[in-house]
Structures are given as C-alpha cells and as structure tokens.
Amino acid sequence: MPIINVDHLIKYYQVHEKEPGLKGSFQSLFHRQYKQVKAVDDISFIIDQGELVGFIGPNGAGKTTTLKCLSGLLYPTGGAVEVLGFNPWRRQPEFQKQFALVMGQKNQLWWDLPALETFNLNKEIYEIPDKQYRQTLNQLVELLDVKDILKIQVRKLSLGQRMKCELIAALLHNPKVLFLDEPTIGLDVIMQKVMRDFIKAYNREYKSTIILTSHYMDDVKELCQRIIIIDNGKVMFDGLLQEVINQYARNKILTVTFAKPVLKTDLKPIGVVKDWQYPQAKILVPRSEAKDRAIKLMQSFPIDDINIEEPPIEAIIREVFSKNE
Amino acid sequence: MSKYAQVFSIGWSSGFVYRLNFLMWRVRNVVQFLTIYLLWAAILRHNPSPAGYSASELLTYILLASLIRAVVFSSRSLEVQADIGQGNLNHYLIKPISYFGYWFSRDMADKLLNLGFAVVEFGLLFFFLKPPLVLPPSAFYAFAFGGALILATLLYFFFSLIVSATVFWIPEGSGWPQRFLIFVLMDFFAGGMFPLDMLPAPLYQFALKLPFAYMLSVPLQIYLGRLSLTATVAGLIIMFGWLFALMFLAHFAFRRGLRVYGAFGH
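Residues numbered from 1 in each chain as written. Chains lettered and ligands numbered in written order. Predicted model: local features only at pLDDT ≥ 70, side-chain atom pairs only at ≥ 80, totals over all residues. Heavy atoms only, no water.

Our focus in this paragraph is the confidence of the model for chain A. In this model, chain A carries an average pLDDT of 89, and 99% of its residues clear a pLDDT of 70 or more. Here helix α1 (residues 21–30) of chain A is the element of chain A with the lowest mean pLDDT, 72, and helix α3 (residues 93–96) of chain A is the one with the highest, 96. (pLDDT = per-residue confidence, 0-100. Helix = DSSP H or I, 4+ residues; strand = E, 2+ residues; numbered from the N terminus.)

Here it is in structure tokens:
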C-alpha cells in the first residue's frame, strides 16, 4: 500500500542576487535582480508502508525541500503530494499526529530546560494517553540509553546526547511516517552507529515508513534497501541500492598481497593499479572480467592473499552525478 | 486545552532560568518608570494642572500606564518574527497545535510573571513615593476598565503578530527594522509617555483613528472617568471592531505568508 505519493512535485524559490561589496549593496537598494531557483523540479515517486528509503544527493540537490513539502511546511509550486492519504499542506491534526520530521541541524528541545520538559509538552500537544506515553518513553529511553540525562538542561548536553533526545521527542507519538534529515550529522562514528541501529530497530518494530537523508554513505548502506538519488531537483535514480551498484559501478577492486616483490609495471595487463604499497596493491578491473583477471593474477604472480571488492559506494554515487553533467 | 496549559507552564518555568537576566529586566522596569515619574513630578511643580489634569490624576495615569505596559505590552511573541526569519516556525507547523494559541499561552505566562513582579515593585514605589492616587469614579468605570484591559491585551497581541508576519516578505534583520519603526510610533500614539488628549486637537483626533490609543490611553481615560458613559461604551465597541479587524488581518497575513515561507535555516 503506498503511504507516500509524490506526483510531479515542483518547488521554485525567488531569491535576489547582489553584487559583492558596498557598491552592490547600494545598487540592490534601488534595483533588485531576482533569480528563480528550481529547488525541486518535477519529482515523482511512491513509497510503500514499512519501507526505509535513502535520499541521496549533494548539498542543494532538493532533498530537504522535498521533505519539507512532504511535511506540509512548504507550499508546492506545482504537482501533488500525498502522505497517508492527506495533503500535508492542509496541516490537519489527524495527519500531524501520524508523522514526524527530525532535522539534524534544528532542535525542537527547549534549550534552557531538561529534555523531559519538552517530552511532557509533546505528550500534551499530541494528546498521547498517559499509559502509552509512559510505555513509549521508557522504551525509547532504554533503547537509546539516556536515563541519566533526562533531567539535565539541554544546553549542557553533548551533541550526541541531544540528538538522542531529539529523536525521542519526535517519536513519542509513535509516528507511522518518519522523515529524518541528516540525523547523524556531526556525530562521532560510535554515536552514528548507535543512531543507525536505533533507526533500523525502530523501522522493524513499528513497521514505520522512513525517509532518510544523509551524507554518510554508511548510513545509507546499512539502513536502506532502496535509494532515491536526487540532483538539481530531479530524480537521477530510484531503485535498490544493489541496482545502482550493478548499473554504475564499472569496476571491481582486487586487493592483493604479494608473497614476493613484483614490478608495478608488470601488473598493467591485469588492470589499473590504484594503490601500491608493497606487499599490498589495489587494482581496478572491469566488472565483468573481475573473476578472469583474478585467476590470471594468481597464475602469473606469487600471491599470498586476494580479495574481490565492490568500489566504495561514494565512488559509485559520484559516478551517477558525473553522468548527469 | 491542556496542551496550552502545558505551554503556559513550561514558558513560566523557562522564564526563571536566568536569574541575573531576570533581575536586570526587573530593575530596568523600575528605572524606566522612575524616569517618567520624576519628569512629571518636576513639571507638576511648575504647572499643577496641565491640560486639565489634576496632579493626582496625572500621576495616577503615569503609574497605571507603567503597570498596564507590564500587562498589555509585555510579550514573548516578539520571538515570532525570529521564528519566521530563522525557520524555527517549522517545529510548530508540523505539530497538531495552533501557532497563535501557542504564542498566546506563552504571552499569558509572561504577562502573569510580569504582573506579579510589577505589582510588588509598584507597591514598594507607592510606599516610598506616596503619590496621590485616584480611584475610578464608579463601579461602572472600574468594570469598563477591566474589560478594556482584556481587549487591549488582545489588540496588542494580534497587532504584534501582524508586524511579525511582515518578515515573510521582508526577512532582513529578522524583522527588527520594521518593528522598531512601528513600535516607536505605536508607543507615542498609545499614550505611554503622557495622556493623548494633551496633544493638539487634530493630532489627538488622528491618534484616535489608529488602534494604538485603545491599547493604553483609552483604557486609562476610562479608569480616570474622563470619558462620558456613552463615550466609554463607544470606546469599547470601537475596540471590538479593531480586535476583529486585527484578528482577521493576522490570520490573513499568516495564510498568505506561509505560501512564500521558505522554511529556511537548513
């Protein structure tokens, strides 16, 4: 069953341009030049219940704008958006009680008060029954291990602790649809992993539908089966993560450890040597011939160990964007 | 309803967090009052009855004006313009809560806090300065004054929202340039420094055509019994009229503004 339906969504902004410096400022007082920014330019996709979809794209690609349209924050310039059967722009309470938007760079927690105060406020705002509230809160507090910090002023918390509390505040009403905009931004690797595990568990346990944007490919690789790649306000790719690898990764990487010294130039017939640090080498080989090249390598050189790997997902995504240019 | 009660309570508790800020803010109020009070006390020594006001009427006006400012003009909802400019509006727009209701609750919490302290401070000032105060001439004027205060509070609230809404179209400086300009005019035309009927007649007539006079000056004139019974009732009716107009305008401005809202700040 489709939960999110985006049909030819368009969102344009007017921004005014100013030449740098005092002269430009003065000129812009009297004569303003406006420019249209096509933040989202005819995007369509459908997301079913329980899917965890990754939104990928460079800064300014239109990811956040799309999420804001889905949340009812922005009035679309054109096209139609439907979430849980509602038009988000209408901002009906029945709709708002079923979704949440978490922005890694914006906090809803009351800065000067302990996080628990914001939780209690959200309980009233979302009209969550006492029993359900206590249950959900206990569960989330346990999952994220924040029992000891709930009564500390938010401004005194670390970024990681704050982000955990942000997530709790957003999830107290058990939203069926969750938009996560860079939830791991600025976090250290350990905290990123905690967040990731949590998102995965949440998706599984509550069968919630999640859209996630992130610049960390590890987030996407670990969490999302399906990805939507956006650039310049358009969808470049929509499908399984594996498909994008099959479609865009031209090479595989042979990581070899040699038993005896070999000459780098001798490896030319195998493939392009990307990395050479004796006894180890990384060799790029055409994807379709990876197996044959590996066999050839083993036959012609003294090999200690060999591995065939996919190129890092970052490199593949770069490939998608470069095709677009 | 309980959600707004919770907003009220959390707003109240956050008001107390910065004790030093709080103290300075209170001292500022007292100093502000003393400046105007001492100025008028000096004038009254030379001219005991300016523009038909007796000394006691005038000092009552000044004292009450400061007290009413603490109720009518004190407002958290000034932050609305920053919310719009910096995109923090997002947090409320996605939640099942009325944005106006949210800020009204916060304003109420703030006003109650303010009023509580103002009463104590003015009690002390009263004790030390011993100004000759007058009471409303009859129960009718006292009740009318109470009603006028509530209306004035609402007038100010919606007017302030309209000023904030301009940030949707004029985002520079998060709305402070336009607010300063408008509020300097507002303070003058509300009669915060002196009773408006001290102005030359044409200017006074003009002031009565604006909503600001009804936020301070008119309620005070009702208190002092300087308006006739019919003029008092007419004044209250005009306040209702302004209230509906400003309410409508505020809603209209937000409906339109949200269409151009960029939800920026990331």
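Now that the structure has been shown, we can carry on.
A few words now on the sheet that holds strand β2 (residues 33–48) of chain A. Residue and element names in this part refer to chain A. One open sheet holds the three strands; their spatial order is β2-β1-β4, and the pairing between them is antiparallel. Two strands lie at the open edges of the sheet, namely β2 and β4 (78–83), each paired on one side alone. Pairs of neighbouring strands in the sheet enclose a mean axial angle of 25°, with direction left out of account. As judged from the 13 bridges shared by strand β1 (residues 2–17) and β2, these two strands associate in the antiparallel manner. Across the sheet, residue Val 15 finds its bridge partner in β2, namely Lys 35. Sitting on the sheet, helix α2 (residues 63–71) touches β1, β2 and β4, and the angle it makes with β1 is about 120°. (Pairing = 2+ DSSP bridges. Axes fitted to C-alpha atoms, helices over the stretch in contact; angles between N-to-C directions. Contact = heavy atoms within 4.5 Å.)

Let us look at the nonpolar core. Counting residues in each nonpolar core, the largest one holds 170 residues, and the members touching the most others are Ile 4, Phe 119, Ile 227 and Val 244 of chain A. No other element matches the 15 residues that helix α7 (residues 139–165) of chain B contributes to this core. Among residues more than four places away in sequence, those in contact with Val 244 of chain A are Ile 227, Ile 229, Phe 237, Ala 249, Ile 316 and Val 320 of chain A. If you look at the next biggest cluster of nonpolar residues, it comprises 14 residues, including Phe 258, Val 273, Val 285 and Ala 290 of chain A. (Core = buried A, V, L, I, M, F, W, Y, C linked by side-chain atoms within 4.5 Å. Buried < 20%, exposed > 50% of the residue type's maximum accessible area, 1.4 Å probe, protein only.)

Residues and elements named next belong to chain B. There is a patch of nonpolar side chains on the surface, built from Leu 20, Leu 23, Met 24, Val 27 and Val 31 and spanning about 490 Å² of accessible area. Within the element layout of this structure, Met 24 appears in helix α2 (residues 19–46). On the accessibility criterion, Met 24 (49% relative accessible area) is partly exposed. (Patch = residues over 30% accessible without salt bridge, like charges linked within 9 Å, V, L, I, M, F, W, Y side chains within 5 Å. Areas by Shrake-Rupley, 256 points an atom, 1.4 Å probe, with all protein chains shown as cover. Salt bridge = Lys/Arg side-chain N within 4 Å of Asp/Glu carboxyl O.)

As a further point, take the pattern of salt bridges. All names here are of chain A. Counted by the stated rule, this structure contains 21 salt bridges over all chains. For the salt bridge of Glu 127 with Lys 97, the shortest nitrogen-to-oxygen distance reads 2.5 Å. With a gap of 30 residues between them, Glu 127 in the loop between α4 (115–125) and α5 (130–144) and Lys 97 in the loop between α3 and β5 (99–103) connect regions that are remote in the sequence. For Asp 130, the salt bridge is made with Lys 123, and the minimal N-O distance between the two is 2.6 Å.

Moving on to the packing of helix α3 (residues 55–73) of chain B against helix α10 (residues 217–224) of chain B. Residue and element names in this part refer to chain B. Across the interface, α3 lies against α10 with an axial gap of 10 Å and an inter-helix angle of 135°. It follows that α3 is oblique to α10 by the angle criterion. The interaxial crossing formed by α3 with α10 has right-handed handedness. Mapping the contact onto sequence places Glu 57, Thr 60, Tyr 61, Leu 64, Ala 65 and Ile 68 in α3 and Ser 217, Leu 220, Tyr 223 and Leu 224 in α10. Its residues assigned to classes, the contact of α3 with α10 comprises seven nonpolar, two polar and one charged. (Parallel < 35°, antiparallel > 145°, perpendicular 65-115°, else oblique. Left-handed = near helix turned anticlockwise from the far one by under 90°. Nonpolar A, V, L, I, M, F, W, Y, C, P; charged D, E, K, R; others polar.)

This brings us to the packing of aromatic side chains. All names here are of chain A. A full pass over the atoms with the stated rule returns 39 aromatic pairs over all chains. Between the aromatic rings of Phe 198 and Tyr 202, the centroid separation amounts to 6.1 Å while the plane-to-plane angle is 35°, which identifies the pairing as tilted. Separated by four residues within a single helix, Phe 198 and Tyr 202 lie in helix α7 (residues 189–206), roughly one turn from each other. Judged by its relative accessible area of 4%, Phe 198 falls in the buried class. Since its relative accessible area comes to 3%, Tyr 202 is described here as buried. (Phe/Tyr/Trp six-rings, centres within 6.5 Å; stacked < 30°, edge-to-face > 60°.)

Here we take up unusual backbone geometry. The phi torsion of most residues other than glycine is negative, and most of the peptide bonds are trans. In the segment running from Tyr 278 of chain A into Pro 279 of chain A, the intervening peptide bond is cis, with an omega of 10°. Secondary-structure assignment places Pro 279 of chain A in the loop between β11 (272–277) and β12 (280–286). At Glu 182 of chain A, a position not held by glycine, the phi torsion is positive, near 55°. One can find Glu 182 of chain A in the loop between β6 (177–181) and α7. The backbone phi angle of Ala 51 of chain B is positive, close to 50°, even though this residue is not glycine. By the element assignment, Ala 51 of chain B lies in the loop between α2 and α3. Residue class for Ala 51 of chain B comes out partly exposed when judged on its relative accessible area of 47%.

Next up on the list: the pairing of β11 of chain A. All names here are of chain A. Bridge count for β11 against β12 is five bridges, and the pairing is antiparallel. Following the sheet pairing, Val 273 is matched in β12 by Ile 283. Turn length for the β11-β12 hairpin, with the two strands adjacent in sequence and antiparallel, is two residues.

Residues and elements named next belong to chain A. Across the sheet, which stays open at both edges, the four strands sit in the order β11-β12-β10-β13 with antiparallel pairing between neighbours. Every other strand in the sheet has two partners, leaving β11 and β13 (303–309) as the edge strands with one partner each. Neighbouring strand axes in the sheet, compared pairwise and without regard to direction, differ in orientation by 20° on average. Where strand β10 (residues 251–258) meets β12, seven bridges bridge the pair, whose relative direction is antiparallel. Across the sheet, Leu 254 pairs through a bridge with Ile 283, a residue of β12. Across the sheet, helix α10 (residues 290–300) lies against β10, β12 and β13, angled at about 170° from β13, the strand it touches most.

Attention now moves to the interface of chain B and chain A. Counting residues at the interface gives 31 residues for chain B, matched by 38 residues for chain A. Across the chain B-chain A interface, the total number found is one salt bridge. The salt bridge partner of Glu 127 of chain A is Lys 3 of chain B, with a shortest N-O separation of 3.5 Å. One can count nine residue pairs in polar contact (both at pLDDT 80 or more) joining chain B with chain A. Residue assignment for the side of chain B that touches chain A shows that the elements contributing at least two residues are α1 (2–15), α5 (89–93), α6 (99–129) and α11 (229–260) of chain B. Broken down by element, the side of chain B that touches chain A gets its largest block of residues, eight residues, from α1 of chain B. (Polar contact = N/O pair within 3.5 Å; in protein donor to acceptor, adjacent residues only side chain to side chain.)

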